[in-house]
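For reference, the chains in residue letters:
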Amino acid sequence: MRVSRFFMGMILFSGLLGCAAEVSEADAATWETDESALVEASTAARVTLKDAVTETCDESCLVRQWIIDERYEEAREVLAAEANRVPDDVETHLLLAATNMRDEMYEKAYELADRLIPVHDDVRLRETRAYASLLAHDVETAAHDFNDTIEALQSFEPETRRTICDAVTGHCAAPMQREAYAWLGLATAEYNRQDLERASEIVDDLMNADAFAGAFEPSAGQFIRALVASKRGDDNTAKAHYEAILAKFPNDPASLVNLGGIAYRSGDLETARRMQTQAYEYAGSHRRTAAIAWSNVAEIDMLEGQYEAALDKANEAILTSRNYAGGYFQLAVIHDVIGNGAESLRAMKHALELDTQGVSRWNISMFNADWEAHFAGLIAEAEGRTESASRHWHTLLGSDDETLQGIAKRHLSSLYERSGEHCPR
């Protein structure tokens, strides 16, 4: 079966500020130039903002609309200036953090929330920090941050019936509702830490708890159950979960991505392509999901010998989602298959730099031992583990896939040439 790697979607419902360095005289001109450019841009954005104000939508309303409309640069300029002007305004900082989150600038969002938490005891800052670490694939930190968020939410007195409102949308929810989603965030972090038992335990407890009945969308729990099922080799159960989600939420992009992955693993590339393309089209502002879907279509192109189309899509996936490691892994594989060794190595090294905790690699689906050996060989070469790489290439000399045989011979020839030995035929 011609399968190699497919990227799975995930449900995605410690930074310390550095000390300021002394500015030398040589740096002064650059500092002033950069600052004046920022002021100029901020002024332009504020003029645009003032011109758009209406009786029914003031400046605050418009900035929120900019964030929803993905006009992140304009929103960030105005909010950064306002945050400097009124440093104690938590709502402004939350909006700035939300802008960075939606623009996939997760580290900046994390640093902002982490800096403000000791000053402002607002649980929304803790939520922001937790989701930022999760989305940045710093899952070790995310697990800690979600536990901290859950503890903070549990400190609310139930009898107050207090609600907590989202800074961007204004949607409000009771602490119990937000706690439910924090538990789902923790389950996702545990899944990405490869602790399937803990992830399942959290979801099961949440789904079966009377206290949380009606506090969250059950499909969110089903999604994590589907992820775990596939990792355990039970695609039939996973498929049933995804189909149930799609029956309730047609065109849910993450479910389409993973359902397409199941079709792909069964060898049905036509259905897989259709579902991945559909996920890409319905991803909307969810850039990472769009990038995963498009990268998967690139994989299908590669398997069908459409190498230029595959390269184009892999590059588009990288441009779609900031710091998406999976796109670089895909790019490395495609370049290697068509013989672009230097480009493949460069893409692989960058992918590994982005995927420090292995989250993207954990979410790559490979069900053919030969293609798995190929991917492992590329990683070993990028990491300088020559002996390990050589073992993988020797394994592929016995592959039934002539393309992989040829790739293995090419890599072994290069390794032996560098070592001065003779390459086996």
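Asks: I keep staring at the overall build of the protein and nothing clicks. Help me out?
Replies: When helices and strands are tallied, the protein shows 21 helices and four strands. Buried positions account for 51% of the 425 residues belonging to the protein. As displayed, the protein has an accessible area near 20700 Å², and 49% of this comes from carbon and sulfur atoms.

Asks: Please explain unusual backbone geometry as it appears in this structure.
Replies: Excluding glycine, a negative phi dihedral is what most residues carry, and trans is how most peptide bonds are arranged. Its identity is not glycine, yet Glu 70 carries a phi of approximately 65°, on the positive side. Position of Glu 70 among the secondary structure elements: in the loop between helix H2 (59-68) and helix H3 (72-85). For Glu 70, a relative accessible area of 36% gives the class partly exposed. One non-glycine residue with positive phi stands out, namely Asn 251, at about 70°. Note that Asn 251 resides in the loop between helix H11 (235-248) and helix H12 (253-265).

Asks: Looking at this structure, I do not really get the packing of aromatic side chains. What am I missing?
Replies: Two numbers describe a pair of aromatic rings. These are the distance of the centres and the angle of the planes. For the structure shown, the criterion picks out five aromatic pairs. Consider the rings of Phe 223 and Tyr 242, whose centres lie 5.6 Å apart with planes at 70°: the pair is edge-to-face. Here Phe 223 is found in helix H10 (residues 218-231), whereas its partner Tyr 242 is found in helix H11, with 19 residues between them in sequence. No difference in accessibility class separates Phe 223 from Tyr 242, as the two residues are buried. Between the aromatic rings of Tyr 280 and Trp 294, the centroid separation amounts to 4.1 Å while the plane-to-plane angle is 20°, which identifies the pairing as stacked. With a gap of 14 residues between them, Tyr 280 in helix H13 (residues 269-282) and Trp 294 in helix H14 (residues 287-303) connect regions that are remote in the sequence. Directly above the aromatic system of Trp 362 lies the positively charged group of Lys 231, at a separation of 4.0 Å from the ring centroid.

Asks: Mind showing me how you'd approach the state of the cysteines here?
Replies: Disulfide: a covalent bond connecting the sulfur atoms of a pair of cysteines. Applying the stated criterion across every chain yields a total of one disulfide. In this model, Cys 165 is linked to Cys 172 through a disulfide, with the two sulfur atoms separated by 1.8 Å. For the disulfide bridge between Cys 165 and Cys 172, the dihedral angle about the S-S bond is near 100°, and by the sign convention the bridge is right-handed.

Asks: Explain the packing of H11 against H12 here, please?
Replies: For any two helices packed against each other, the geometry is given by the interaxial angle and the distance between the axes. Close contact between H11 and H12 brings their axes to 10 Å; oriented N to C, the two are set at 145°. Here the hand of the crossing between H11 and H12 comes out left-handed. Facing H11, whose interface residues are Asp 235, Ala 238, Lys 239, Tyr 242, Glu 243, Ile 245 and Leu 246, H12 presents Ser 255, Leu 256, Asn 258, Leu 259, Ile 262 and Arg 265. Looking at the contact of H11 with H12 residue by residue, the classes come out as seven nonpolar, two polar and four charged.

Asks: I'm lost on the environment of Lys 313 in this one. Help?
Replies: You can see Lys 313 is positioned in helix H15 (residues 307-320). Taking the relative accessible area as the measure of exposure, Lys 313 reaches 15% and is therefore buried. Once the C-alpha coordinates of Lys 313 and Asp 301 are considered, the two residues, twelve residues apart in sequence, prove to be 8.9 Å apart. For Lys 313, the contacting residues outside a window of four places in its chain are Trp 294, Val 297, Ala 298 and Asp 301.

Asks: Would you mind showing me how to read the pattern of salt bridges here?
Replies: Here the idea is simple: oppositely charged side chains can pair when their charged atoms come close. Scanning the entire structure with this criterion turns up 28 salt bridges. The partner of Arg 126 in a salt bridge is Asp 148, and the shortest N-O contact between them spans 2.6 Å. Taken together, the residues Arg 126 in helix H6 (residues 123-135) and Asp 148 in helix H7 (residues 139-154) connect sequence positions 22 residues apart. One salt bridge connects Arg 385 with Glu 383, and the closest N-O pair in it is separated by 2.7 Å. A relative accessible area of 36% places Arg 385 in the partly exposed class. Assessed through its relative accessible area of 41%, Glu 383 is described here as partly exposed. The structure contains a network of salt bridges with shared partners spanning Asp 114, Asp 121, Arg 126, Arg 129, Asp 145 and Asp 148.

Asks: What's the story with helix H4 (residues 90-102) in this structure? I'm lost.
Replies: Helical periodicity: at 3.6 residues per turn, an α-helix aligns residues three or four positions apart in one direction. Look at H4: 18 Å from first C-alpha to last across 13 residues, which is about the 18 Å you get at 1.5 Å a residue. Counting buried residues in H4 gives eleven out of 13 residues, a clear majority hidden from the surface. Within H4 the residues assigned to the buried category are Val 90, Thr 92, His 93, Leu 94, Leu 95, Leu 96, Ala 97, Ala 98, Thr 99, Asn 100 and Met 101. On its buried face, H4 sits against H2, H3, helix H5 (106-116) and H6.

Asks: Quick question: what am I supposed to make of the environment of Pro 253 here?
Replies: Its place among the elements puts Pro 253 in helix H12. Judged by relative accessible area, which is 12%, Pro 253 ranks as buried. C-alpha of Pro 253 to C-alpha of Ala 283: the two residues are 30 residues apart in sequence and 5.5 Å apart in space. Once you skip the residues sitting within four places of it in the chain, Pro 253 turns out to touch Ala 279, Tyr 282, Ala 283 and Thr 289.

Reading guide: rules and limits
- Residues numbered from 1 in each chain as written.
- Predicted model: local features only at pLDDT ≥ 70, side-chain atom pairs only at ≥ 80, totals over all residues.
- Heavy atoms only, no water.
- Helix = DSSP H or I, 4+ residues; strand = E, 2+ residues; numbered from the N terminus.
- Buried < 20%, exposed > 50% of the residue type's maximum accessible area, 1.4 Å probe, protein only.
- Areas by Shrake-Rupley, 256 points an atom, 1.4 Å probe, with all protein chains shown as cover.
- Phe/Tyr/Trp six-rings, centres within 6.5 Å; stacked < 30°, edge-to-face > 60°.
- Lys NZ or Arg CZ within 6 Å of the ring centre and 35° of its normal.
- Disulfide = S-S within 2.5 Å.
- Axes fitted to C-alpha atoms, helices over the stretch in contact; angles between N-to-C directions.
- Left-handed = near helix turned anticlockwise from the far one by under 90°.
- Contact = heavy atoms within 4.5 Å.
- Nonpolar A, V, L, I, M, F, W, Y, C, P; charged D, E, K, R; others polar.
- Salt bridge = Lys/Arg side-chain N within 4 Å of Asp/Glu carboxyl O.
- Expected span 1.5 Å × (residues − 1).

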